[in-house]
Amino acid sequence: MRNRGLERDGIAPYVFLAPLLVLLVAFILYPVIMNLVASFTEWKGYGPMKWIGLANYRSMLADQAFWTSIQNTAILVCYIPLSVAVTVFVSALLREGLRGWQVYRAVLYIPNLLGLVIIGVVFSIYLRDDGPINLTLRWAGGPTLRFLISPWLAINSIAIIKVIWIHLGFGLIYFLAAMNGIDPGVYEAAIIDGAGFFQTLWRVTVPSIRFAIEFWVVFNFIEVFARMFSLIYTLTQGGPGYATFTLEYGIFIQGFAKFRVGYSSAWAMVLFLFCAVISVVQIRLMRRSSV
Amino acid sequence: MIKRSILSFALVALCATGLAAQTLTVWDFKYSEVNPGGAQAPMKQIDALFQQKNPGVTVNHVAQPLEPQYYQIIQAAATANQGPDVAMFHPGAREYGFGDILIDLTPFIQDVKNQFTAASIAMVSMDGKVGAPIKLLPMTMQGFGIYYNKAYFKKAGLNPDQPPKTAAQFLAACEKLKAAGFVPVTVGQTYTIDFLLRCLVANAYGPNVAGLKDGSQKYTDPLFKESVRFVKTLVDKGYLEKDGFSRPYFMDGIDKFAAGTGGMFVGLLSDVGNWKRFSDALGADNIGYFPTINFPDSKYKDQQVAQGAGIGYGVMTWSKNQKLAVAYVKFATTGEGAGIYASMTGALSPNSAAGGSGTGYPALKTIQQYLKGGLALDYLPMFYNGYEDDTNRLNDRLFVTGELTVDQYIAEYQKLITK
C-alpha cells in the first residue's frame, strides 16, 4: 500500500505540520475526549473516576438550572442581530468621513483594550443601586433602575455591555477595513443615481461586505456561547437568582464551586455541540464565499 | 590536613543544617487580612512562636483568596497531588467534601481533644458524626446574631438596653428607626438574608434543626414558613437597606455598619463582622447584641445559632512533613496559639483552655451569656459543597426581586436537600 501524498509531496509538509498537530492533539483533541469520558463518571476533578453511564445526562436534563442557562444563552443570542446592525451602521457613519471619526474610532475601541474582568468590576460599581448611574437618575428625579437586582434588567445589561458595546470597537476596525475594499466607483454611481445614506448602506455597502457580516455573526455566536464567563463572574455571578446563569457559567459552578466535575462535563458536552455546529456553519460559509 | 578537616567539618555541618531545616507550607484564606483586628498579625505571631519552639523549621504561610476561589485552588492542588502541608477549611460540607485529601487527626490529638467543646469536635468529625475521623482542628466557633447601634436606638426613642426580641417589637423598632431617619438594617448583599434566616430557623427548631437535613422536618412546616415570611416582610416594608443588595461584596456591608450608617446589622460571632469590629469602630458601650427574633408560636426562645467550629486547620495527605504539620495544627489551635488568635481578632475559640480577650466589651459578655443558654445548630453547613451558592440564589430571587412567592421559595428549598 503506497502513500500517494507522501510520494507526491515528500516528508517536508508533515514535518512542518507536526508541531501544530501535536499542540492540537494535546490541547484540543485530548481535552475533548477526556471531557466526554468524564461526562459518564462521578468525579470531583481529582481522585478516581466512578463510571455512572448516562446518569449525568439524565440529571442535567432534569435540572431546571440547565434549562434556565439555555434560555439565558438564547436571550444573549437574540442580541447578535442588533450587534451586527449597530456595528455596521456606526462603521458606515464613520466611513462617510464624519468629522473627527478617527477619535470616535479610537474611543470606541477602548473597551477591547480593557480586560473583561476590569469591565465587569467597573460596571458592578456603575450599575449598583447606589452607583453613579442611579445617583444621577435620582438627582434628575428619575426612578432607581435595579440593573443588578431585576432579572430582566440584569441579563439585558450583560447583553448590551458584552454583545454590543464591547464588540463595537473591534467591529468598527473590521467593518471599516471591509468597506475600504469596496470600489469607490460603486458609491459614486449610487450618489449619481440619487441614493441617500440609508439606500447606499442597504443596497451597496451591506451586499458588498456580506462575507464580513457572516463572519461577524459566527464570531458573535462563539463569544456568546463561550466567552461570557469573565464578565458574568465579575458583574452578576450568574444572578440575581439564575437570571444571568448561562451554559458556560453553569459549567463553572458545577465543576468548580460544587466540585461535580463529571456532571459539569455533561454540560460542557452540550456547549461543545453548540460550538461544533457553529464552526461547521462557519466553514461552509467560508467555502461558499471562496468559490 | 587541618584545612581538610575544617572543610569536612563545615561540609558535614552544612549538610546537617540542610537536613534539619524543614519548610512547612500553610495555606489559608484569612492570611490576607491586614486590617486592624485582621488575621494576619496574630498568624504571624503564631508562626514566629512555632519557629522559635521548633528550630530549623520555617513556616511558609501563604495568603490565598477567599472562597469559592480558595477551594478551586485546593481542588487544583488535589489534582496535582501536591501543595501545602497544612490548609485551612470551613468545617462542615467543605471539610467533608475534601475529606479524602485530609489525614485523620484522631490518633494525634488525644492529649488535647478534651479541651475542645463537644459541638466543635462533632462538627470537625467527618459528616458531623461523633466518633468518625477528625479531619480538622477548629480555630474558631461561629454563629450569627444581630448587632445594634445603641446611640441610634436612643435617638429613635427606643430603649438601648432592651433590644427588640419578638417579631412585633422588631418591626416596631425598624419603623421607629426609619421614622428617625436611620436605615433600620444595614445590608451586606444577600448574606444578610441568609444569616437572618439561619438565626430565625435555629431559634424555631432549637435542638431539632437536624431534621431539616434528614427529611424528618419538612420545610413546609409553619415555623420555617413563618421565618421566611418574616424576612420577606422586612424586605417589603423597606426595613432592609435596599441599596445594599446590589453591593458587590458582603464586607462592604460590614464597613457600612461600622461607619455608622444603620441601626442594626446581622453579623457573625467570629472571623469578620463581629462584636470586636463593631465595638472598636462605634464604641464598646455603643454596641448591643441579641441572637434572634422570637415568634409567638415557637417552642424555643432566644436560641443562639452556632456552628461548633467556624474555621480550622487540617493536614494534607500528600504532605511529606505530616508529623510537623500535625504539631503546627495543634500549636495554632490550642494553648498559646489559640489565645493569640482569639485575643487579637475577636474570634471565639472553641478551645476552653484558650482564654482570649473580652474585658471591656459588653457585646461579648452578652454573646457569652447566650452561648451558655440555649444553643441551636446552624443547619446550613450540614449540606453539600456549594449549597450556600444555591440558597443565596433563592435569597436573591425571593426577597429582592419578588420573583418567587414564599410558598415557591420553600418548595425550592425542599428540592435542594434532595441534591
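Anything mentioned here points back to the structure above.
Residues numbered from 1 in each chain as written. Chains lettered and ligands numbered in written order. Predicted model: local features only at pLDDT ≥ 70, side-chain atom pairs only at ≥ 80, totals over all residues. Heavy atoms only, no water.

A. Geometry of the overall build of chain A. Looking only at helices and strands, chain A has 15 helices and two strands in total. Over its C-alpha atoms, taken along the principal directions, chain A stretches across nearly 70 × 70 × 30 Å. When burial is assessed residue by residue, chain A has 43% of its 291 residues classed as buried. Contacts in chain A between residues at least 24 apart in sequence constitute 68% of all its contacts with a sequence separation of at least 6. Surface accessibility of chain A: about 15,800 Å² in total, with carbon and sulfur atoms responsible for 71%. Averaging the locations of the 21 positively and 13 negatively charged side chains of chain A gives two centres separated by 7 Å. (Helix = DSSP H or I, 4+ residues; strand = E, 2+ residues; numbered from the N terminus. Buried < 20%, exposed > 50% of the residue type's maximum accessible area, 1.4 Å probe, protein only. Contact = heavy atoms within 4.5 Å. Areas by Shrake-Rupley, 256 points an atom, 1.4 Å probe, with all protein chains shown as cover. Lys, Arg positive; Asp, Glu negative; His and termini not counted. Charge placed at Lys NZ, Arg CZ, Asp CG, Glu CD.)

B. Molecular detail of the nonpolar core. Residues and elements named next belong to chain B. Formed by 84 residues in total, the largest nonpolar core has its most connected members in Phe-170, Phe-224, Met-264 and Tyr-379. Broken down by element, the residue count for this core peaks at 10 residues, all from helix H8 (residues 191-205). Among residues more than four places away in sequence, those in contact with Phe-170 are Ile-146, Pro-164, Val-185, Phe-230, Leu-234, Met-264, Phe-290 and Ile-293. (Core = buried A, V, L, I, M, F, W, Y, C linked by side-chain atoms within 4.5 Å.)

C. Here's a closer look at the packing of aromatic side chains. All names here are of chain A. Summed over the entire model, instances satisfying the criterion amount to 64 aromatic pairs over all chains. When the centroid spacing of 6.0 Å and the interplanar angle of 20° are considered together, the rings of Tyr-174 and Trp-216 count as stacked. On the criterion of sequence distance, the pair formed by Tyr-174 in helix H9 (residues 151-180) and Trp-216 in helix H12 (residues 210-226) is long-range, its members being 42 residues apart. On the basis of relative accessibility, which here comes to 21%, the residue Tyr-174 falls in the partly exposed class. (Phe/Tyr/Trp six-rings, centres within 6.5 Å; stacked < 30°, edge-to-face > 60°.)

D. Up close: the side chain of Asp-390 of chain B. Among the secondary structure elements, Asp-390 of chain B is positioned in helix H16 (residues 387-401). Side-chain polar atoms of Asp-390 of chain B contact the side chain of Lys-258 of chain A, separated by 2.8 Å. (Polar contact = N/O pair within 3.5 Å; in protein donor to acceptor, adjacent residues only side chain to side chain.)

E. Here's a closer look at the sheet that holds strand S2 (residues 57-63) of chain B. All names here are of chain B. Read from one edge to the other, the open sheet built from five strands follows the order S2-S1-S3-S10-S4, with strand pairing classed as mixed. Where the open sheet ends on each side, the last strands, each with one partner, are S2 and strand S4 (137-138). As defined by bridge partners, strand S1 (residues 22-28) adjoins strand S3 (residues 86-89) across two bridges and the pair is classed as parallel. Pairing of Val-26 across the sheet is with Val-86, part of S3. Contacting S1, S2, S3 and strand S10 (312-315), helix H2 (residues 40-53) crosses the sheet at an angle of about 160° to S2. (Pairing = 2+ DSSP bridges. Axes fitted to C-alpha atoms, helices over the stretch in contact; angles between N-to-C directions.)

F. Just the pairing of strand S9 (residues 304-307) of chain B, in detail. All names here are of chain B. The two faces of S9 match: Gln-304 and Ala-306 on one face and Val-305 and Gln-307 on the other face are all buried. Sheet analysis places strand S5 (residues 142-149) next to S9, joined by two bridges and oriented antiparallel. Paired with Gln-142 across the strands is Gln-307, a residue of S9. Where S9 meets strand S11 (residues 375-377), three bridges bridge the pair, whose relative direction is parallel. Looking at the pairing, Val-305 lines up with Ala-376 of S11.

G. Structural context of H8 of chain B. Residue and element names in this part refer to chain B. The terminal C-alpha atoms of H8, which comprises 15 residues, lie 21 Å apart, in line with the 21 Å expected from a rise of 1.5 Å per residue. Here H8 lies mainly inside the structure; 14 of its 15 residues are buried. Positive backbone phi, approximately 55°, marks Gly-206, located one or two places after H8. (Expected span 1.5 Å × (residues − 1).)

H. Inspection of the packing of helix H5 (residues 80-95) of chain A against H12 of chain A at higher detail. Residue and element names in this part refer to chain A. At a minimum axis separation of 10 Å, H5 and H12 run at an interaxial angle of 135°. Judged by the angle between their axes, H5 and H12 are oblique. As H5 runs across H12, the sense of the crossing is right-handed. From H5, Ile-80, Ser-83, Val-84, Thr-87 and Val-88 reach across to H12, where they touch Ile-213, Trp-216, Val-217, Asn-220, Phe-221 and Val-224. Its residues assigned to classes, the contact of H5 with H12 comprises eight nonpolar, three polar and no charged. (Parallel < 35°, antiparallel > 145°, perpendicular 65-115°, else oblique. Left-handed = near helix turned anticlockwise from the far one by under 90°. Nonpolar A, V, L, I, M, F, W, Y, C, P; charged D, E, K, R; others polar.)

I. Fine view of helix H11 (residues 250-258) of chain B. Residues and elements named next belong to chain B. Inspection of H11 places Phe-250, Gly-253, Ile-254, Phe-257 and Ala-258 among the buried residues, and these make up the whole buried set. One side of H11 holds all its buried residues, which, seen down the axis, span an arc of 135°. Residues of H11 that are buried in the fold lie against S5, strand S6 (183-186), H8, strand S7 (262-268), helix H12 (275-282) and strand S8 (287-290). (Arc of directions from axis to C-beta.)

J. Spatial organisation of the pattern of salt bridges. Residues and elements named next belong to chain B. With the rule as written, the count across this model stands at 26 salt bridges over all chains. Between Asp-378 and Arg-198 there is a salt bridge, with its nearest N and O atoms 2.7 Å apart. Here the residue Asp-378 occupies a position in the loop between S11 and H16, and Arg-198 occupies one in helix H8, the gap between them amounting to 180 residues. For the residue pair Asp-378 and Arg-198, the accessibility class agrees, reading buried in each case. Close ionic contact of Lys-415 with Glu-412 constitutes a salt bridge, the shortest N to O distance being 3.1 Å. Here Lys-415 and its partner Glu-412 are both found in helix H17 (residues 406-416), three residues apart, which amounts to about one turn of the helix. (Salt bridge = Lys/Arg side-chain N within 4 Å of Asp/Glu carboxyl O.)

K. Examining a nonpolar patch on the surface more closely. Residues and elements named next belong to chain A. On the surface, Val-103, Val-107, Ile-110, Leu-113, Leu-114, Ile-118, Val-122, Tyr-126 and Ile-133 cluster together to form a nonpolar patch covering roughly 780 Å² of accessible area. Counting residues per element, the ones that place at least two in the nonpolar patch are helix H6 (101-113) and helix H7 (116-126). Relative to the helices and strands, Leu-114 resides in the loop between H6 and H7. In this structure Leu-114 comes out as partly exposed when scored by relative accessible area, which is 38%. (Patch = residues over 30% accessible without salt bridge, like charges linked within 9 Å, V, L, I, M, F, W, Y side chains within 5 Å.)

L. The arrangement of the interface of chain A and chain B in detail. Listed by partner, the interface residues are 29 residues for chain A and 29 residues for chain B. Each partner contributes to the roughly 2,600 Å² buried at the junction of chain A and chain B, and carbon and sulfur atoms together form 50% of this total. When the area that chain A buries against chain B is broken down by residue, the three leading residues are Tyr-46, Lys-258 and Phe-259 of chain A, summing to 26%. Linking chain A with chain B are four salt bridges, by the criterion used here. Asp-130 of chain A is the salt-bridge partner of Arg-247 of chain B, the closest N and O atoms lying 3.8 Å from each other. (Buried area = accessible area lost by both parts, 1.4 Å probe.)

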